Amino acid sequence: MHRRLSAAALAAALVLAGLVGSASSASALLKVKCKQTTGTAAVDPIVHHNETMAMVHTHQFFGNNGWLSKGNFANYADLVSKGTNCRELSDTAGYWTPTLRYTTGTRQTIPVQAFTAYYRPFTGVGGPDTGPGMAFPADTRLIGTRYAWTCGQYMPVAPSLSVPSCLGADGSPGKTLTLHIDFPNCWDGVRPRHYTTTVGNTTDNAHYAYSTKKSGVVSCPTGFPYKMISLRESLQFKYIGAGTDVGLSSDSMAGTTDGRSAHGDFWNTWQQASLQSLVTACINTPAEPSCAL
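Cut-offs applied
- Residues numbered from 1 in each chain as written.
- Predicted model: local features only at pLDDT ≥ 70, side-chain atom pairs only at ≥ 80, totals over all residues.
- Heavy atoms only, no water.
- Pairing = 2+ DSSP bridges.
- Helix = DSSP H or I, 4+ residues; strand = E, 2+ residues; numbered from the N terminus.
- Axes fitted to C-alpha atoms, helices over the stretch in contact; angles between N-to-C directions.
- Disulfide = S-S within 2.5 Å.
- Buried < 20%, exposed > 50% of the residue type's maximum accessible area, 1.4 Å probe, protein only.
- Polar contact = N/O pair within 3.5 Å; in protein donor to acceptor, adjacent residues only side chain to side chain.
- Contact = heavy atoms within 4.5 Å.
- Phe/Tyr/Trp six-rings, centres within 6.5 Å; stacked < 30°, edge-to-face > 60°.
- Core = buried A, V, L, I, M, F, W, Y, C linked by side-chain atoms within 4.5 Å.

Glancing now at the sheet that holds strand β4 (residues 94–98). The strand order across the open sheet built from five strands is β2-β3-β4-β19-β9, with neighbouring strands paired in antiparallel fashion. The open sheet terminates on both sides in strands that have one partner only, identified here as β2 (36–41) and β9 (141–144). Across the sheet, the axes of successive neighbouring strands diverge by a mean angle of 20°, strand direction being ignored. Both β2 and strand β3 (residues 59–63) contribute to a ladder of three bridges, which runs antiparallel. Residue Thr 40 lies in a different strand from β3, and its bridge partner there is Gln 60.

Right, let's get into the state of the cysteines. This model, assessed by the stated rule, comprises four disulfides. Residue Cys 34 pairs covalently with Cys 86 via a disulfide, S to S 2.1 Å. On the sign convention where negative is left-handed, the bridge of Cys 34 and Cys 86, at about 95° about the S-S bond, is right-handed. Of this pair, Cys 34 sits in strand β1 (residues 30–34) while Cys 86 is found in the loop between α3 (76–79) and β4, placing the two residues 52 residues apart along the sequence.

Attention now moves to the side chain of Gln 60. Relative to the helices and strands, Gln 60 resides in strand β3. The class for Gln 60 is buried, based on a relative accessible area of 1%. Here Pro 98 takes part through its backbone oxygen, which lies 3.2 Å from a polar atom of the side chain of Gln 60. Look past the residues within four positions of Gln 60 in its chain and what remains in contact with it is Gln 36, Gly 39, Thr 40, Tyr 95, Trp 96, Thr 97, Pro 98, Thr 99, Leu 100, Val 112, Leu 235 and Phe 237.

In space, the three strands of this open sheet follow the order β13-β12-β16, with antiparallel pairing throughout. At either end of the open sheet lies a strand with only one pairing partner, and these are β13 (208–209) and β16 (226–227). Pairing analysis gives two bridges linking strand β12 (residues 186–187) to β13, with the strands arranged antiparallel. Residue pairing across strands places Cys 186 opposite Ala 209, the latter belonging to β13.

Here we take up the packing of aromatic side chains. All chains considered together, the criterion is met by 15 aromatic pairs. With 5.0 Å between their ring centres and 55° between their planes, Trp 67 and Trp 96 make a pair best called tilted. Taken together, the residues span a long stretch of sequence, with Trp 67 in helix α2 (residues 67–70) and Trp 96 in strand β4 at a distance of 29 residues. For the pair Trp 187 and Tyr 226, a centre-to-centre distance of 5.9 Å together with 55° between the ring planes defines the contact as tilted. Taken together, the residues Trp 187 in strand β12 and Tyr 226 in strand β16 connect sequence positions 39 residues apart. Residue classification places Trp 187 among the buried positions, given a relative accessible area of 0%.

Next up on the list: helix α4 (residues 272–284). Note on helix geometry: an α-helix contains 3.6 residues per turn, so any two residues three or four positions apart are oriented the same way. Where α4 is concerned, the buried positions are Leu 275, Gln 276, Leu 278, Val 279, Cys 282, Ile 283 and Asn 284. Tucked inside the fold, the buried residues of α4 contact β1, β6 (112–120) and β20 (291–292).

Before going further, it helps to examine the nonpolar core. Core analysis: the largest hydrophobic core is formed by 48 residues, its most contacted members being Tyr 95, Tyr 119, Trp 149, Phe 237, Phe 266 and Trp 270. Listing elements by their share of this core, those giving two or more residues are β1, β6, β10 (146–150), β11 (178–182), β17 (230–237), β18 (246–248) and α4. No other element matches α4, which puts five residues into this core. In this structure, Phe 237 is in contact with Gln 60, Leu 100, Ile 110, Pro 111, Val 112, Gln 113, Trp 149, Thr 176, Leu 177 and Leu 179, ignoring residues within four places of it in sequence. Counting residues in hydrophobic clusters, the runner-up holds eight residues, among them Phe 61, Trp 67, Ala 74 and Trp 267.

Quick look at the structure:
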């Protein structure tokens with residue numbers, strides 16, 4: 001499914017492909033706002049690729065409009081350069097997360113009022129931006145498992161692994177239940193090569209890792225030498241309750257409660273040339289402090 005290049009060959013290929021950036025501003029940022037696509041469904045085209053009878057919790061999809069019509073049978077060629085609900089029309093990537101719903105009464109799904117994908121320079125866990133990052137190669141498929149719940153940037157509620165109480169928030173932007181999901185940002189150099197006939201999990205997570213910070217130094221683990229841009233998915237929900245009556249659709253399957261199974265999916269079906277141009281202009285050699293699209 002994958003092919004590995006030698007370090008020298010990979011470095012040369014990355015330069016030619018424009019995947020290596022140059023000096024970066026500490027305030028560099030590419031921010032893309034997207035709306036939900038055509039709805040929610042028990043579909044996961046990465047983990048359950050080409051599976052017809054998969055046991056899948058419900059997800060909400062953002063970005064590319066083709067995910068739900070293709071279901072688990074989506075492939076890269078079906079999606080790249082197709083329609084999108086993102087403001088940046090070249091962002092035809094797929095982003096999805098488990099649905100949040102009430103755990104009592106009607107068990108109704110709680111809507112997402114805002115979804116934002118933040119692309120930043122390579123950064124450490126809880127640390128500052130530390131330099132340029134490489135754009136994710138085309139067709140990269142990742143699951144982000146590092147997350148934090150808050151009540152928004154303007155509320156004095158500490159980040160938590162469980163859904164917090166947002167009583168006192170008014171539901172406006174920055175003052176409502178919010179979920180942040182971070183994705184691995186170190187790569188081993190194995191480029192994705194996914195077959196349309198593959199059945200089952202096609203994630204590239206085995207070839208990615210999270211950066212670490214030790215004694216103030218941010219670095220990638222051994223075996224993952226390539227620093228990537230840092231991707232965060234942020235979702236603001238229409239919820240300002242006590243946090244005791246909601247959970248994720250994935251909680252019960254994971255044997256947990258209170259939103260502790262939070263995770264996000266990212267399938268890079270961007271128009272790749274546009275992604276690389278934006279990474280270069282907005283992150284690695286930004287003319288402006290940030291790009292909000």
